[in-house]
Amino acid sequence: MKNLSRNRVWRKKGFYNTMSLLSIFLLIFIFIFAYVSYTSHFPTSLLSISTTSQCATQNLDGQKFIWYAPHSGFSNQLSEFKNAILMAAILNRTLVVPPILDHHAVALGSCPKFRVLGPAEIRLSVWDHVIDLLRHRRTRYVSMADIIDISSLVSSSVIQTIDFRDFISLWCGVKVDFDCFSESNGLSSLLDNLKQCGSRLSGLDGNVDKCIYALEEDCRTTVWTYQQNDDGVLDSFQPDEQLKKKKKISYVRKRRDVYMALGPGSKAELAAVLAFGSLFTAPYKGSELYLDFHEAPRDQRISSLIQKIEFLPFVSLITSAGKEYALETIKGPFLCAQLRLLDGQFKNHWKATFLALKNQVDSLKNGPLPISIFVMTDLPEADWAGSYLENLARDSVSIKLHVLKEKDELVIRTAKKLMETGHGTRLGLVPETVDRMNKVKQQCPPQILPDILLYIEETVCSCASLGFVGTAGSTIAETIELMRRFNICPSHSQTAL
């Protein structure tokens, strides 16, 4: 009887064990079936990010790219773009042309204070902002090459470029018309995959052999040079002892030859994508904050390129619009006043800014009246009360003010033509881009126009024959001074202050 009871117990145990195994197998089968059914509803292009290697080399066709993280205002972004062109040419890589970011959507920090976003952080911030530009129709994606004319550099094979949108399509394996991005099917899943792709490209997952080389160097540790025979030498600008103690930092800035560190024979050279952080630099205490590329003594190609990119003009549509306003609206000699009054450090310098303008206006009052003045400022007209601008506006006998606005017909007309032309997408490596662009213009007409007022205003100021008064320390003023030096309006006899 005892043996019979034992047999019954073991039979029950065997029965339950068998049922448990069957249940497990059934659950596994149901999970696999559900996963296959779920994923089969997504476009193959969306799955390609997770099913292919981190570097979709089959899509890159052997090309090697360089991308970076622009930031701050337009003038700083343009400065970084010039540096990126040099980097791409020196390292013989295709430059990923970024969009123009919203003003201060991404901020670097302060290199002199050794307080900046790390390269990986700023790359990811830029990636997220670019995807946001593509996603929301309240803003308009505008490529840097839509605004800045680099056609001569590309046509002469000085550099090769690819539009950021086309690069995303190749790198992430996503086939979607980004001009219709907000209307794409499966948008949520697409955004998740792009987030994953951006994380990899930003270097958050580390470097991947022959795929991604994400630099960790920034202005706190490195000054990039080229052919200056100073690789590994300490830079002249270092954090002082007081700053080291106060901020508890131990950074040492070294000068490094970019070609030796990232060119042939280096680990970086093998990677399909070389990812920089910020490429912003500026003179500081006898040195440069991050890049020192003022000459290339043994490389005539790069030496020539340094000279060419000192001034990169706006595309012809913008230049023509600025000249049209000067000739047909102002209709005569005029003074340009660029007054930056609301942003950052400029809020506390109204008196000095207006004093410089007043002195110039007073000197011009000895000549023919009224004096035409073109004003470009961030201070709305409704807030001019109590300022020197209000005094000028009231003096209709001696002064005639001209202000260009975003909703003016000239600005709207130029913006429409700019989007129809699509300079940026016509310069890339991907041949089907132009066909895609023409198709998109029919299927997804832009709901809003890009903000190009600043670029037209700068062109108008470059034509001011009675002189130019700019805000001290403003990069916009520096850009206008550069445009005037390169004689954008040769028909105007310019008078520099």
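Residues numbered from 1 in each chain as written. Predicted model: local features only at pLDDT ≥ 70, side-chain atom pairs only at ≥ 80, totals over all residues. Heavy atoms only, no water.

**Some remarks on the overall build of the chain**
Step number 1: Each helix and strand in the chain was counted, giving 20 helices and 17 strands.
Step number 2: Counting all 497 residues of the chain, 49% fall into the buried class.
Step number 3: Within the chain, contacts between residues at least 6 apart in sequence are counted, and of these 78% link residues at least 24 apart.
Step number 4: As displayed, the chain offers around 25000 Å² of accessible surface, 54% of which is attributable to carbon and sulfur atoms. (Helix = DSSP H or I, 4+ residues; strand = E, 2+ residues; numbered from the N terminus. Buried < 20%, exposed > 50% of the residue type's maximum accessible area, 1.4 Å probe, protein only. Contact = heavy atoms within 4.5 Å. Areas by Shrake-Rupley, 256 points an atom, 1.4 Å probe, with all protein chains shown as cover.)

**Side note on the nonpolar core**
Step number 1: Grouped together as the largest cluster of nonpolar side chains are 117 residues, with contacts concentrated most on Ile-85, Ile-147, Trp-224, Leu-262, Phe-276 and Phe-374.
Step number 2: At 11 residues, helix H4 (residues 74-91) tops the list of elements feeding residues into this core.
Step number 3: Dropping the residues within four chain positions of it, Phe-374 is found in contact with Tyr-325, Ile-330, Phe-334, Leu-335, Cys-336, Ala-337, His-402, Leu-404, Glu-457, Val-460 and Cys-461.
Step number 4: Counting 18 residues, the second-largest nonpolar core is a separate cluster that includes Leu-357, Trp-384, Leu-389 and Val-469. (Core = buried A, V, L, I, M, F, W, Y, C linked by side-chain atoms within 4.5 Å.)

**Re the state of the cysteines**
Step number 1: Considering all chains together, one arrives at 4 disulfides under this definition.
Step number 2: Two residues, Cys-111 and Cys-219, share a disulfide whose sulfurs are 2.1 Å apart. On the S-S bond that ties Cys-111 to Cys-219, the torsion sits near -95 degrees, and the link is left-handed. Linking Cys-111 in the loop between strand E3 (109-110) and strand E4 (115-116) with Cys-219 in the loop between strand E6 (212-214) and strand E7 (222-225), this pair joins segments that are 108 residues apart in sequence. Residues Cys-111 and Cys-219 agree in their burial class; the two are buried.
Step number 3: Disulfide pairing is shown between Cys-463 and Cys-489; the S-S distance is 1.6 Å. Here Cys-489 lies in the segment after helix H20 (475-485) and Cys-463 lies in the loop between helix H19 (453-462) and strand E17 (468-469), a separation of 26 residues in the sequence.
Step number 4: A relative accessible area of 0% means that Cys-463 is categorised as buried. (Disulfide = S-S within 2.5 Å.)

**Brief notes about helix H9 (residues 187-201)**
Step number 1: The terminal C-alpha atoms of H9, which comprises 15 residues, lie 21 Å apart, in line with the 21 Å expected from a rise of 1.5 Å per residue.
Step number 2: After H9 finishes, the residue Gly-203 shows a positive phi value of roughly 90 degrees. (Expected span 1.5 Å × (residues − 1).)

**Remarks on the environment of Ala-271**
Step number 1: Its place among the elements puts Ala-271 in the loop between helix H12 (267-270) and strand E10 (273-275).
Step number 2: Other than its neighbours up to four places away in sequence, Ala-271 contacts Lys-64, Arg-93, Lys-210, Cys-211, Ile-212 and Tyr-213.

**Examining helix H8 (residues 164-172)**
Step number 1: Of all 9 residues in H8, 7 are buried; the element is thus mostly enclosed.
Step number 2: One or two steps after H8, the chain reaches Gly-173, where phi turns positive at roughly 65 degrees.

**What to know about the sheet that holds strand E8 (residues 233-234)**
Step number 1: Pairing is mixed in the open sheet, where 4 strands are placed in the order E8-E9-E7-E13. Whereas interior strands pair on both sides, the edge strands pair on one side only; in this sheet they are E8 and strand E13 (291-292).
Step number 2: Summarising the sheet, E8 and strand E9 (residues 254-257) pair through 2 bridges and their orientation is antiparallel. Residue pairing for E9: Leu-234 is matched across the bridge by Lys-254. (Pairing = 2+ DSSP bridges.)

**Things to note about a positive patch on the surface**
Step number 1: A cluster of basic residues, Lys-113, Arg-115, Lys-246 and Lys-247, forms a positive patch at the surface.
Step number 2: Residue placement: Lys-247 occurs in helix H10 (residues 241-247). (Patch = residues over 30% accessible without salt bridge, like charges linked within 9 Å, V, L, I, M, F, W, Y side chains within 5 Å. Salt bridge = Lys/Arg side-chain N within 4 Å of Asp/Glu carboxyl O. Lys, Arg positive; Asp, Glu negative; His and termini not counted. Charge placed at Lys NZ, Arg CZ, Asp CG, Glu CD.)

**Let's talk about a nonpolar patch on the surface**
Step number 1: On the surface, a cluster of nonpolar side chains totalling about 250 Å² of accessible area is made up of Val-233, Leu-234 and Val-252.
Step number 2: Tracing the backbone shows Leu-234 in strand E8.
Step number 3: Among the residues examined, Leu-234 registers a relative accessible area of 53% and is labelled exposed.

**Comments concerning the sheet that holds strand E14 (residues 335-339)**
Within a sheet, neighbouring strands are paired by backbone hydrogen bonds and run either parallel or antiparallel to one another.
Step number 1: The parallel open sheet is built from 4 strands, whose spatial order is E16-E15-E14-E17. Sheet topology places strand E16 (399-402) and E17 at the edges, where each strand pairs with a single neighbour.
Step number 2: Pairing geometry for strand E15 (residues 371-377) and E16, over 4 bridges, is parallel. By the bridge assignment, Ile-373 is partnered in E16 with Leu-401.

**Remarks on unusual backbone geometry**
Step number 1: In this structure, the amide linkage connecting Leu-369 to the following residue, Pro-370, adopts the cis form with an omega of -5 degrees.
Step number 2: Within the secondary structure layout, Pro-370 lies in the loop between helix H15 (350-364) and E15.
Step number 3: The backbone phi angle of Asn-92 is positive, close to 55 degrees, even though this residue is not glycine.
Step number 4: Checked against the element boundaries, Asn-92 lands in the loop between H4 and strand E2 (94-97).

**Considering the packing of H4 against helix H13 (residues 300-308)**
Step number 1: In contact at an axis separation of 10 Å, H4 and H13 are set at 170 degrees when each is read in the N-to-C sense. Comparing their axes, H13 and H4 come out roughly antiparallel. Residues Ile-85, Leu-86, Ala-89 and Ile-90 of H4 form the contact with H13, whose own contacting residues are Arg-301, Ile-302, Leu-305 and Ile-306.
Step number 2: Of the residues in the contact of H4 with H13, the class split is 7 nonpolar, no polar and 1 charged. (Axes fitted to C-alpha atoms, helices over the stretch in contact; angles between N-to-C directions. Parallel < 35°, antiparallel > 145°, perpendicular 65-115°, else oblique. Nonpolar A, V, L, I, M, F, W, Y, C, P; charged D, E, K, R; others polar.)

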